[in-house]
Amino acid sequence: MNITIVSVGKLKEKYLKEGINEYLKRLSKYAKVDIIEVPDEKAPENLSKREEEMVKEKEGQGILKYIKENMYVIVLDIKGKQLSSEELADFLSQRAILGESNIAFVIGGSLGLSQTVLNRANYKLSFSKMTFPHQLMRLILLEQIYRGFRIINGEPYHK
């Protein structure tokens, strides 16, 4: 399986980089995983709705450059469907069975994702109704993908 994580913003925190690298190493026996960072746009707190949409659209164009036609696109969206770890494992397993083995997970910036990116999505996944920093979401996502592969392969994992 080929997994691409397209994420808005540059990762700066050393502790997050270390955690991400650890999960990339662990995942390497199950799948090929690439992380692509798309530049985030400056977004001061006092933006109008129109300006927010323009920022999201510009970031969205950056995201879509890396989304290939044959990719099954899963966007992380607070309004998406919430899955348990076991359900995510089943979901990933189904993608493989259906021949959808090129998967792109998309993590938006601080303002979220553009409607264009949401429209391209095959699936909208929510990790929680809570909001998480998009940099931290990379680590959480990788951990859950890793856990999913452990479940798929009948290997021990913590419930």
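Residues numbered from 1 in each chain as written. Predicted model: local features only at pLDDT ≥ 70, side-chain atom pairs only at ≥ 80, totals over all residues. Heavy atoms only, no water.

I'd like a rundown of the sheet that holds strand 3 (residues 72–82), residues and numbers included.
Paired through backbone hydrogen bonds, the strands of a sheet run either parallel or antiparallel to each other. Ordered in space as 2-1-4-3-5, the five strands form an open sheet in which the pairing is parallel. The open sheet is flanked by strand 2 (32–38) and strand 5 (123–126), the only strands paired with a single partner. The sheet shows a mean angle of 30° between the axes of neighbouring strands, taken without regard to direction. As paired elements, strand 1 (residues 2–8) and strand 4 (residues 102–107) share six bridges and run parallel to each other. Looking at the pairing, Ser-7 lines up with Ile-107 of strand 4. (Pairing = 2+ DSSP bridges. Helix = DSSP H or I, 4+ residues; strand = E, 2+ residues; numbered from the N terminus. Axes fitted to C-alpha atoms, helices over the stretch in contact; angles between N-to-C directions.)

Provide a residue-level description of helix 2 (residues 49–64), including the pertinent values.
If you check helix 2, its first and last C-alpha atoms are 22 Å apart, about what 16 residues at 1.5 Å a residue would give, namely 22 Å. Buried residues of helix 2: Val-55, Lys-56, Glu-59, Gly-60, Gly-62 and Ile-63, and no others. For helix 2, the angular spread of buried residues about the axis comes to 155°, placing them on one side. Helix 2 presents Arg-50 and Lys-58 as exposed residues on the side facing more than 90 degrees away from its buried surface. Buried-residue contacts for helix 2 involve strand 1, strand 2, strand 4 and helix 4 (115–120). (Expected span 1.5 Å × (residues − 1). Buried < 20%, exposed > 50% of the residue type's maximum accessible area, 1.4 Å probe, protein only. Arc of directions from axis to C-beta. Contact = heavy atoms within 4.5 Å.)

Tell me about helix 5 (residues 134–152), and please be specific about residues and values.
Its 19 residues give helix 5 an end-to-end C-alpha distance of 27 Å, which sits within 8% of 27 Å, the value for a rise of 1.5 Å per residue. The buried fraction of helix 5 is high, at 16 of 19 residues. Positive backbone phi, approximately 65°, marks Gly-154, located one or two places after helix 5.

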